[in-house]
Amino acid sequence: MKRVFLFFLLLGFVTVFAQSPINPDLLKGSWKASWISCPNIGQRDYGVYHFRKTFELDSMKEKFIVHVSADNRYRLFVNGVAVCSGPARGDLYNWYFESVDIAPYLHKGNNTIAALVWNMGVHAPVAQISNQTAFVLQGDSEFEKIINTNSSWKVMSDTAYIPCSLDNGARVKSYMVVGPGDQVDASKFPWGWEQENYKDDTWAKAVSITNPVNVGYGSDNLWSLKPRNIPLMFEKIQRIPAVRRSEGMQVGSDFLNGNKPLIVPANKTVSILLDQSFNTVAYPQLITSGGKHASIKLSYTEALLVDTNTARYKGINVNGQNRRKDFQKGNRNDVEDKLVIGNYDIFIADGGSKRMFRPLWFRTYRYMQVDITTKDEPLEINDLYGMATGYPFEVKASFKSNDSSLQQIWDIGWRTAQLCAGETYFDCPYYEQLQYEGDTRIQSLISLYVTGDDRLMRKAILDFYHSRVPEGLTQGRYPSSRLQVIPPFSLYWISMLYDYWMHRNDFKFVEQFLMPIAGVLDWYERKIDQQKNILGPMKWWNFVDWNQKFPGGTPDGANDGNSSVITFQYVYTLKQAADLFDYFGKTNEAARYRALAEKLGKATFDLCYDAKKSVIANTPLKNTFSQHASIMGILSGSVPKALQQQIILNTLTDTSISQATFYYRFYLNRALNVTGNANRYYKELKPWRDMIDLGLTTFAEEPDPTRSDCHAWSSSPNYDFFATICGINPSKPGFAAVKIAPALGELNHIVGSMPHPEGTIKVEIKKTGTNGIDAAIELPKNTPGEFLWNGKVIALKPGSQRIKL
C-alpha cells in the first residue's frame, strides 16, 4: 500500500502521508549513516544550508523508506518535490526522527534527494532546543543505504538568508519568542538546487560530525534519537480573499486568486493590506517575476492596532512590556486608521521569473501587509497565498442545539484549538508557540472529545516528564531552551495523567509515571506550614491566572505563604493521585495522600472561609478574595456540603471579588458541575459571545485589552458542550463506563455525538413539559453507563435506547 499521496495545487501542494514502519534493527545500537554538516562554519551560529545527493537506481521496489532528522530543522525534497519536514520538537535526550517512504517520488536512473537545513542560532524560538547544525538520513535496509548521509553528500551555505524582525518584543511591547523573520536576497539564492538537473560541482563535501549515530542509548551522544511519536503536519492551500486597503496605487483582489498578476510599476512604493478574514497559521507563498532589486516586505498580525498616543506609529517608547498602555485593538474587523505592527519577512527580487518565497517557519496572521518598493523594473506578483498547516486532527464530534449561535462558538473554539496544535500544543501560535501544562490540560481534553486523537496528549505528557528539574517538579513549559518552573502547572501535569487514565485504556503508559507524580507531591509536602496545615512560602513562578488582582498571575500567599488557592489545588491533585495509586496497587501511598488531603483541606477552609461574605479568602488574613479560592475549595472537596450552594452562588454573583478569566472559567465550570449547578453553564457563555461581537475569529488569552487573540485555554466550550451540556463523562478508568447527566439550562433541544475508544457516543435530548425529557442515547459496544436527570438514575447498556421522563 502506498503511504504517500501528493496533490498539486498550482505552485503549492498538499502532502498527506503516514509515518512508515521502522526496521527494528535500527532501533538497537547505532546507524551506519553519519550526522553531517557544512565545513568551515560556526556550527552553533545562524545559518541556512542546502544538502543534496544524486544516486542511481537500477531497479525499483514498492517501498524506499528513509529515516531523517536535523538540528534545528529540515525540509526534505526528492527529485524537486517537498515530501517531509521536521523533526518534531523534543530535546537532546529525545531527538525525534521521521520515517518516510519516498518510493512514489523515485524512478529508474538518476535521482536526487535534497534537504534544506537551518539553524537559527541565538535567534531560535524559545521552544527550539539545539546542539549544533546537523543533518542525518538513514536508509531502512541494505537497499536504501545508498543514500545514507556521509561525505558523499554535498552542501552549500546559503548567504541569501539573513535574520530580520529581530525586535519583535520591543515593537509589539510583549513577550514574543517565536524566532526571527527571513530576509532573502534572490540574487544569491541557488534557484533549482533541489532539482535533478542542478549542477552542484562547486559545492563542498559534507563533513561528518559523529559516527556512529546513536539511537536511544549510547556514549558521548550529541543527540539521542527517538522515533517520531505523532503524525506529520498537514499542509493545504488557503487563499486570501480580500484587499482591505492600498496606498501608492489602486489594488483589487483579482491577483489573489492566482489567475491575474499584479503589476507594480518601476520606482513605486505600494502598501497593500490583505485580510484572510479569520486568524490562521500558514506558510505564506509569494511568487514574483521581474522587478530586479525590488523589496517586498510581508508583515503579519492577528489584529490591527489603534495607537492611542499618535495617529501613526512613531516616537513611542518601546522599553516597557505593557503593550496595552499604548495600543488598543477594538473591533477586529475594522481597519480604518489602524496599524500593522508585527513580525515580518523581506524578499528582495532578482528579476527572475516565477521566483517563490516561502519563510522557513510558518506565520500566524489574520492580516498581512505587503509593502513593495520597486527600483528600475516593474514587479509582477504572480500569486500570493498561504499553505495552512498544523496537527492533522480529524473532527469526529458534532453538536447542535435550538440555539444556532452556539455553532459559531463551536466553530471559533475549534479553530482556536487547531491553530494551537502543531508538533506540540501551543499556548498561542503568534507570540510564543510554547507548551504549558495549564493550557495543555484543557487542550488535551478538547482533542479527546472532538477528535478522539490522543497522540499529541501522550507526547505532551512525555514532554513534561522529560522536563523535570532536580527538585522533582516539571518545568512549566516544554520543550524550552530557557528554564521556567511553574509549580501549580506541575500539579496540572498530574491532572493530565488522571484525565488520560480516565479516558483511555492505556494503563501501562500511565503507570510508569507514578514515581515522578510522587516527586511533585513530595515537593509540595515539604512546603507545608506545619503549624497551620496550609502551604507556606514557595519559590519559582506560582502562576494561577491572569487575574488583574494577581500580580504577574500569582495569588496572595503563594510566594510569602498561606495561599488558599494553591493549597486547595494541591489537595485536589492529592486526591486524583490517590485514585491513581490505588488503581495500581499502591494502597499505602494512596491512603497517605488522602489523609494529607483531608487534613490540609479542612485546615485551609477553616482558616480562609469568610462567613460574612460566604466565600473563601485568598489567605488567612481575609483581606483579599477571588473566585479562584472558592472554585478550588469546592473542586478539592474541602467545602462542607452544607455550604457549597451558598459559596458557589456568591462566587458567581459577588463582583467585589476578583474574577476568573477565560482560562480559569474551565475550573469554574467544573465547580458548577460538582455542586449540581451545571444548568447555569449556558448563561455563563457571555464572555465568548462578547468576543464574537468584537470580531474575534479565534478566542483570546484574556478579556480586552489582551495580548494574544488566539489562546486555546479559552476553547473550553468545545469540551463543555459535551461534558456539561450533553453531560458525557467517564465514570470508570479507561472510559469503560459512561455517566450522562445532561444540563441544558435554557436550551430545549440538543444533539451531540463524540468519539469514544470503542466507537461513538450519541445523545439527542428534547425537553417535554415542565421537567420532562425525551432522550435517545447510543453507547458503543462493551460500554455500559447511567443516565441522570432530576435525581433519577437509569442504567444504560451498549447500543441504542430511548428514555422518556
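Just so you know, these numbers come straight off a predicted model, no measurement behind them.

1. A few points about the pattern of salt bridges
Right, so step 1: Applying the stated criterion across every chain, the model contains 37 salt bridges.
Right, so step 2: When the shortest N-O distance is used, the salt bridge between Arg-239 and Asp-383 registers 2.6 Å. With Arg-239 in the loop between strand 19 (234-238) and strand 20 (242-247) and Asp-383 in strand 29 (residues 379-390), this pair connects stretches of sequence that are 144 residues apart.
Right, so step 3: A residue is classified by how much of its surface remains accessible, and Arg-239, at 25% relative accessible area, is partly exposed.
Right, so step 4: Overall, the relative accessible area of 5% leaves Asp-383 in the buried class.
Right, so step 5: Here the residues in one salt-bridge network are Lys-329, Arg-332, Asp-704 and Asp-709, joined through shared partners.

2. Side note on the environment of Ala-775
Right, so step 1: Turning to its location among the elements, Ala-775 is positioned in strand 39 (residues 772-779).
Right, so step 2: Once the C-alpha coordinates of Ala-775 and Val-751 are considered, the two residues, 24 residues apart in sequence, prove to be 9.8 Å apart.
Right, so step 3: Those residues in contact with Ala-775 that lie beyond four places of it in its chain are Glu-764, Ile-765, Phe-787, Gln-801, Arg-802 and Ile-803.

3. With respect to the sheet that holds strand 35 (residues 728-730)
Right, so step 1: Judged by pairing direction, the sheet is mixed, and its 4 strands sit side by side in the order 35-36-40-41 without closing on themselves. Edge positions in the sheet fall to strand 35 and strand 41 (792-796), since each of these pairs with one other strand and no more. Averaged over all adjacent pairs, the angle separating strand axes in this sheet is 25 degrees, with direction ignored.
Right, so step 2: Bridge analysis of strand 36 (residues 738-740) against strand 40 (residues 785-789) gives 3 bridges, and the strand direction is parallel. Within strand 40, the position partnered with Ile-740 by the bridge is Phe-787.

4. Re the side chain of Asp-345
Right, so step 1: Relative to the elements of secondary structure, Asp-345 occurs in strand 26 (residues 344-348).
Right, so step 2: Contacts of Asp-345, omitting those with residues within four sequence positions, involve Cys-164, Gly-181, Asp-182, Ile-296, Lys-297, Leu-298, Tyr-300, Phe-357, Pro-359 and Arg-363.

5. Let's talk about the nonpolar core
Right, so step 1: If you look at the biggest cluster of nonpolar residues, it comprises 143 residues, and the most contacted ones within it are Ile-517, Tyr-524, Tyr-570, Tyr-664, Tyr-667, Ile-740 and Phe-787.
Right, so step 2: Contact partners of Tyr-667, with chain neighbours within four places excluded, come to Arg-441, Tyr-492, Tyr-572, Ile-631, Met-632 and Leu-635.
Right, so step 3: Core analysis: the second largest hydrophobic core is formed by 43 residues, Met-156, Ala-186, Val-251 and Val-270 among them.

6. Quick notes on the environment of Asp-704
Right, so step 1: Among the structural elements, Asp-704 can be located in the loop between helix 14 (686-693) and helix 15 (717-725).
Right, so step 2: For Asp-704, a relative accessible area of 36% gives the class partly exposed.
Right, so step 3: Between the alpha carbons of Asp-704 and Phe-787 there is a distance of 40 Å; along the sequence they are 83 residues apart.
Right, so step 4: If sequence neighbours within four positions are ignored, Asp-704 has contacts with Arg-332 and Leu-694.
Right, so step 5: Of the polar contacts made by the side chain of Asp-704, one reaches the side chain of Arg-332; its length is 3.0 Å.
Right, so step 6: A distance of 3.5 Å separates a polar atom in the side chain of Asp-704 from the backbone nitrogen of Thr-706.

7. A look at unusual backbone geometry
Right, so step 1: Cis peptide bonds are those with omega within 30 degrees of zero, and the linkage from Asp-71 to Asn-72 qualifies with 5 degrees.
Right, so step 2: Pro-87 follows Gly-86 through a cis peptide bond whose omega is -5 degrees.
Right, so step 3: Relative to the elements of secondary structure, Pro-87 occurs in the loop between strand 8 (81-86) and strand 9 (95-101).
Right, so step 4: Positive phi, normally seen in glycine, also occurs at His-293, with a value near 70 degrees.
Right, so step 5: Relative to the assigned elements, His-293 resides in the loop between strand 22 (269-290) and strand 23 (295-301).

Rules of the game
- Here the residue numbers are simple positions, counted from 1 along each chain's written sequence.
- Selection of residues for local features in this predicted model requires a pLDDT of at least 70, selection of side-chain atom pairs for listing and counting requires 80 or more, and totals for whole chains, interfaces and linings are taken over all residues.
- Side-chain descriptors were evaluated using all non-hydrogen atoms of the structure, hydrogens and water having been removed beforehand.
- Counted as salt bridges are all cases of a side-chain nitrogen of Lys or Arg within 4 Å of a carboxyl oxygen of Asp or Glu.
- A run of H or I in DSSP counts as a helix once it spans at least four residues, and a run of E counts as a strand once it spans at least two, with each numbered from the N terminus.
- Relative accessibility decides the category of a residue: with a 1.4 Å probe and only protein chains considered, values under 20% of the type maximum give buried, values over 50% give exposed, and everything between is partly exposed.
- Contact definition: two residues touch when any of their heavy atoms are within 4.5 Å.
- Between any two strands, at least two bridges found by DSSP are needed for them to pair.
- To obtain each axis, a line is fitted to C-alpha atoms, and for helices this fit is confined to the stretch in contact; angles are then taken between N-to-C directions over 0 to 180 degrees.
- Here the nonpolar core consists of buried residues drawn from Ala, Val, Leu, Ile, Met, Phe, Trp, Tyr and Cys, with membership extended through side-chain atoms lying within 4.5 Å.
- Here a polar contact is taken to be a pair of N or O atoms separated by no more than 3.5 Å, where protein atoms must pair a possible hydrogen donor with a possible acceptor and residues adjacent in sequence count only if both atoms sit in side chains.

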